[in-house]
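Spelled out, the chains give:
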Amino acid sequence: MSIETLSSVRSFAGWHRQYSHQSETLGCAMRFAVYLPPQVEEGEKVPVLYWLSGLTCTDENFMQKAGAHRMAAELGVAIVAPDTSPRGEDVPDDSEGAYDFGLGAGFYVNATQAPWDKHYRMYDYVVNELPALIEAEFPVSDKKAISGHSMGGHGALMISLRNPGMFVSASAFSPITNPVNAPWGQKAFSNYLGDDVETWRQYDTCELINLADSIPPMLVDQGGDDSFLHEQLMPENLVGAVASSGLNFELRMQPGYDHSYYFIASFIEEHLRFHAGHLKG
């Protein structure tokens, strides 16, 4: 599989690079970003944190705004950030140009409804195609963790729950925890997956926790002043699902913080240390 280097920038003695490749899963060219810490130049194969971004984002938002490179360099962890949806002239978009569906809003599911099913298969891309590409083309080990924000937080938790053993840890900032009951999720799922709500549940973190026998170590941070808190994100539903399942992970409410990258930048060091402890433990 060939990849094209789009940019390369030195950062904290490592490298931030953007790449493009032709995705067989999505049927279009896809861009992704990689931060390679300085340890790779010493011949070390490093573990990988996959970061999934939220609505309207690309591979650039996290890499430019989160301030993660310094700590990733110190810990010796690579970061891989894919785009949030397929893109291109032939890829369909919301007819009204809405921000919460279509381009930039793949929701990390495999669409089953036309015309979305031809390209919108972000679940398979993140779970199968992208990790295979990263492990074939870059000096990384097979140890993986996953994290994300908002729609990407939904994707990170959901994907880790559906693939036991694939990720040593998972975390999220402001995740959409119960998309089958959230307006963002209902809009996306009804279009991508059809009207049968039962088919939606396989992509819902709260539903998956209710079925899980075990979960990877998980950390969730939620801003207490997030304007989407109760209508879209519903952390109280996640707390309820965890309590009824008897499983345990940490959900931290952070007073005064909102939904922005200022929130992510404030706690990303703690998340990276959390993942590094499991990636290198």
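Sequence positions are assigned chain by chain, starting from 1 and proceeding in written order. Where totals are concerned, whole chains, interfaces and linings use all residues; where local detail is concerned, this predicted model gives features only for residues with pLDDT of at least 70, and gives and counts side-chain atom pairs only at 80 or more. The side-chain figures draw on all heavy atoms in the structure; neither hydrogens nor water molecules are used.

Some thoughts on the state of the cysteines
Here is the rule we go by: Here, two cysteine sulfur atoms that lie within 2.5 Å of each other are counted as a disulfide. With a 1.4 Å probe rolled over the protein chains alone, any residue whose accessible area is under 20% of its type maximum counts as buried; one over 50% counts as exposed, and the rest are partly exposed.
The tally for this structure, following the rule as stated, stands at zero disulfides. Cys28 supplies the cysteine sulfur nearest to Cys57, a cysteine that is in no disulfide, at a spacing of 18 Å. Since its relative accessible area comes to 8%, Cys57 is described here as buried.

Thoughts on unusual backbone geometry
What counts here: Going along the chain from the N terminus, every DSSP run of H or I of four or more residues is numbered as a helix, and every run of E of two or more is numbered as a strand.
Of note, the amide linkage connecting Ala114 to Pro115 takes the cis form, showing an omega dihedral of 0 degrees. Residue position: Pro115 is located in the loop between β5 (78-82) and α3 (122-137). One non-glycine residue, Ala13, lies in positive phi territory at about 70 degrees. Within the secondary structure, Ala13 is located in the loop between β1 (3-11) and β2 (14-23). Given a relative accessible area of 42%, Ala13 falls into the partly exposed group. Even without being a glycine, Ser174 presents a positive backbone phi close to 50 degrees. Within the fold, Ser174 resides in the loop between β7 (170-173) and α5 (183-193). Assessed through its relative accessible area of 0%, Ser174 is described here as buried.

Here's the deal with the side chain of His21
Operational definition: Any pair of N or O atoms that falls within 3.5 Å is considered a polar contact. Within protein, one atom must be able to donate a hydrogen and the other to accept it, and sequence-neighbouring residues count only if both atoms are side-chain atoms.
If you trace the backbone, His21 turns up in strand β2. Look at His21 and you get buried, because its relative accessible area is 3%. A polar contact is formed between the side chain of His21 and the side chain of Tyr125, at a distance of 2.9 Å.

What to know about helix α9 (residues 261-279)
Inclusion rule: The bend reported for a residue corresponds to the angle between axes fitted to the seven residues ending at that residue and the seven starting there.
The principal kink in α9, of about 50 degrees, is found at Phe267. Every buried residue of α9 is accounted for by Tyr261, Phe263, Ile264, Phe267, Ile268, His271, Leu272, Phe274, His275, Ala276 and Leu279. The N-terminus of α9 is capped by Ser260, whose side-chain oxygen sits 3.2 Å from the backbone nitrogen of Tyr262.

Description of helix α4 (residues 151-162)
Operational definition: For a helix, the expected span equals 1.5 Å multiplied by the number of residues minus one.
Taking 1.5 Å as the rise per residue, α4 with twelve residues should run 16 Å; its terminal C-alpha atoms sit 16 Å apart, in good agreement. A large share of α4 lies buried, amounting to eleven of its twelve residues.

Here we look at the nonpolar core
Our working rule: The term nonpolar core refers to a set of buried residues drawn from Ala, Val, Leu, Ile, Met, Phe, Trp, Tyr and Cys, joined through side-chain atoms within 4.5 Å. In what follows, a contact means two residues having at least one pair of non-hydrogen atoms within 4.5 Å.
Core analysis: the largest hydrophobic core is formed by 68 residues, its most contacted members being Phe32, Phe107, Ile134, Ile146, Ile159, Phe189 and Tyr192. Counting residues per element, this core draws most heavily on α3, at eight residues. Beyond its immediate stretch of four places on either side in the chain, Ile146 contacts Leu49, Tyr50, Leu52, Val126, Ala156, Ile159, Ser160, Phe167, Ser169, Ala170, Ser171 and His275. Listed in part, the 25 residues of the second largest apolar core include Met71, Leu75, Ile268 and Leu279.

Topic: the pairing of β7
What counts is decided by this rule: Here, strands pair whenever DSSP counts at least two bridges between them.
Burial along β7 is two-sided: Ala170 and Ala172 facing one way and Ser171 and Phe173 facing the other are all buried. Bridge analysis of β7 against strand β8 (residues 218-223) gives four bridges, and the strand direction is parallel. Bridge assignment links Phe173 to a residue of β8, and that residue is Asp221.

A closer look at the packing of α3 against α4
The relative placement of two packed helices is expressed as an angle between their axes plus a distance between the axes. In plain terms, the rule: All axes here are fitted lines through C-alpha atoms, helices being fitted over the stretch that makes contact, and every angle between N-to-C directions spans 0 to 180 degrees. Geometric relationships in this document are graded by angle, where less than 35 degrees denotes roughly parallel, more than 145 denotes roughly antiparallel, 65 to 115 denotes roughly perpendicular, and other angles denote oblique. Handedness of each helix crossing follows the sense of rotation of the near helix against the far helix: counterclockwise by less than a right angle gives left-handed, clockwise gives right-handed. Under the grouping applied here, Gly and all other residues not named as nonpolar or charged are polar, the nonpolar ones being Ala, Val, Leu, Ile, Met, Phe, Trp, Tyr, Cys and Pro and the charged ones Asp, Glu, Lys and Arg.
At their nearest, the axes of α3 and α4 sit 11 Å apart, and the two run at 60 degrees to each other. Viewed along their axes, α3 and α4 adopt a mutual orientation that is oblique. In the crossing of α3 with α4, the sense of the turn from one axis to the other is right-handed. Contacts between α3 and α4 involve Tyr123, Val126 and Val127 from the former and Met158, Ile159 and Arg162 from the latter. Taken together, the residues of the contact of α3 with α4 sort by class into five nonpolar, no polar and one charged.

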